[in-house]
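Descriptive analysis of the structure
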Amino acid sequence: VVSGLNLLFESEPPLLPIGFDPMINPMSKERLSRDLLLAIMLHGKGVYNVAGEEAGPMSRFLEARGIRAKRLPAAALLPAIRVQRMLGKTRYHPEFHPNRLQYSLVLDDSRFARIFRANAPRIES
């Protein structure tokens, strides 16, 4: 899954602003593929939020994966990430979404769960 957050998690090391620890609910590739198959098999139409199983601070998910982020002052972040990209240590481009690390949210995927996940037994049997 190529997303800004995944590219940030894959960086060596992830560079984050000091004090930045938003609530997130990351999704595994396995859960995403399972949810997409559910939507296809149940002939889903429309736009839905699809989220990870649990929400928590970003630091908890980094720690659970054994990833140690490097914290920098906000002014040093962009130049440091540019150097990191030149060295092949990241594919993350904060320039594409400059406010991505300022505004974060936790998705409500209850509509998807109600329409698709609750009906998963229909296609599993």
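Predicted model, so just to flag it, every value in this text is computed and none were measured.

1. Some remarks on the overall build of the protein
For the protein, the count of helices and strands is 6 helices and 4 strands. Secondary structure elements of the protein occur, N-terminal to C-terminal, as α-β-β-α-β-α-β-α-α-α. When the backbone C-alpha atoms are referred to their principal axes, the protein occupies close to 55 × 25 × 25 Å. Within the span of the protein, comprising 125 residues, buried residues form 29% of the whole.

2. Observations concerning the nonpolar core
Of all hydrophobic cores here, the largest spans 15 residues; its most connected members are Phe9, Leu16, Ile24 and Met58. Contributing elements (two or more residues each) for this core: α1 (4-10), β1 (15-17), α3 (58-64) and α4 (74-86). Not counting residues within four places of it along the chain, the set of residues in contact with phenylalanine 9 comprises Pro14, Ile24, Met58, Phe61, Leu62, Arg65 and Ile67. In this structure, Leu38, Ala39, Leu42 and Phe112 belong to the second largest nonpolar core, which totals 6 residues.

3. Details of unusual backbone geometry
The bulk of non-glycine residues show a negative phi, and the bulk of peptide bonds are trans. Residue glutamate 12 is joined to proline 13 through a cis peptide bond whose omega torsion reads -15°. With respect to the helices and strands, the residue proline 13 is situated in the loop between α1 and β1. A positive phi is found at histidine 43, a non-glycine position, where the angle reads about 55°. Along the chain, histidine 43 turns up in the loop between α2 (29-41) and β3 (56-57).

4. Some words on the packing of aromatic side chains
We describe a pair of aromatic rings using the distance from one ring centre to the other and the angle between the two ring planes. In total, this model carries 3 aromatic pairs according to the counting rule given. Measuring from centroid to centroid gives 5.0 Å for tyrosine 48 and phenylalanine 116, while their planes differ by 80°, and the two rings are edge-to-face. Of this pair, tyrosine 48 sits in the loop between α2 and β3 while phenylalanine 116 sits in the loop between α5 (110-115) and α6 (120-124), and the two are 68 residues apart along the sequence. You can call phenylalanine 116 buried: its relative accessible area is 2%. Measuring from centroid to centroid gives 4.8 Å for phenylalanine 112 and phenylalanine 116, while their planes differ by 40°, and the two rings are tilted.

5. As for the pattern of salt bridges
Taken as a whole and assessed by the stated rule, the structure comprises 7 salt bridges. Aspartate 109 is paired through a salt bridge with arginine 117; the nearest N and O atoms lie 2.9 Å apart. The class for aspartate 109 is buried, based on a relative accessible area of 13%. One network of salt bridges, with partners in common, ties together Arg31, Asp35, Glu53, Asp109 and Arg117.

Definitions and limits used
- Residues numbered from 1 in each chain as written.
- Predicted model: local features only at pLDDT ≥ 70, side-chain atom pairs only at ≥ 80, totals over all residues.
- Heavy atoms only, no water.
- Helix = DSSP H or I, 4+ residues; strand = E, 2+ residues; numbered from the N terminus.
- Buried < 20%, exposed > 50% of the residue type's maximum accessible area, 1.4 Å probe, protein only.
- Core = buried A, V, L, I, M, F, W, Y, C linked by side-chain atoms within 4.5 Å.
- Contact = heavy atoms within 4.5 Å.
- Phe/Tyr/Trp six-rings, centres within 6.5 Å; stacked < 30°, edge-to-face > 60°.
- Salt bridge = Lys/Arg side-chain N within 4 Å of Asp/Glu carboxyl O.

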